[in-house]
Amino acid sequence: MSPPPASMSARLREIVVNVSPLGFISFGGPGVHVVLLRRLFVLEKEWLDATTFADLFSLSGALPGPGSTQLMFSIALVRGGAAAGVLALSRI
């Protein structure tokens, strides 16, 4: 897993840069969003390992609301903290 940037502003900027485009290119519903999130954040960016992604995916399915939105919040939360999680929710 790649380490997150040290400063809070760099972590928040990283979230905005990587999450914002997903709101424009993710057509196809929650199932497609999950595949895009896995490809981007596990395979390409290496923010998470496959086990952590699977754990977050399982948890997001148990929470109320769209699972892919819960998953994006969880990924941002793990990567950048609570502020990054809230910022990710406002970007999708």
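Refer to the preceding data block for the structure.
Description of the structure in this document. (Residues numbered from 1 in each chain as written. Predicted model: local features only at pLDDT ≥ 70, side-chain atom pairs only at ≥ 80, totals over all residues. Heavy atoms only, no water.)

### A closer look at helix α6 (residues 82-91)
Given 3.6 residues per turn, any residue in an α-helix points the same way as the ones three and four places further on.
And then number 1: Inspection of α6 places Ala84, Gly85 and Ala88 among the buried residues, and these make up the whole buried set. For α6, the arc enclosing every buried residue in end-on projection is 100°, short of the 170-degree limit, so these residues lie on one face. For α6, exposure combined with an orientation more than 90 degrees from the buried face picks out Ala82, Val86 and Ser90.
And then number 2: Tucked inside the fold, the buried residues of α6 contact α1 (8-19) and α5 (67-80). (Buried < 20%, exposed > 50% of the residue type's maximum accessible area, 1.4 Å probe, protein only. Helix = DSSP H or I, 4+ residues; strand = E, 2+ residues; numbered from the N terminus. Arc of directions from axis to C-beta. Contact = heavy atoms within 4.5 Å.)

### Structural notes on the packing of helix α3 (residues 30-44) against helix α4 (residues 50-62)
And then number 1: Running from N to C, α3 and α4 cross one another at 150°; their axes reach a closest spacing of 11 Å. Taken together, the axes of α3 and α4 lie roughly antiparallel to each other. The two elements α3 and α4 cross, and the hand of that crossing is right-handed. On α4, the residues that touch Val34, Leu37, Arg38 and Val42 of α3 are Ala50, Phe53 and Phe57.
And then number 2: Split by residue class, the contact of α3 with α4 holds six nonpolar, no polar and one charged. (Axes fitted to C-alpha atoms, helices over the stretch in contact; angles between N-to-C directions. Parallel < 35°, antiparallel > 145°, perpendicular 65-115°, else oblique. Left-handed = near helix turned anticlockwise from the far one by under 90°. Nonpolar A, V, L, I, M, F, W, Y, C, P; charged D, E, K, R; others polar.)

### A short note on the environment of Ala50
And then number 1: You can see Ala50 is positioned in helix α4.
And then number 2: Remark: the alpha-carbon pair of Ala50 and Pro64, spanning 14 residues in sequence, is separated by 23 Å.

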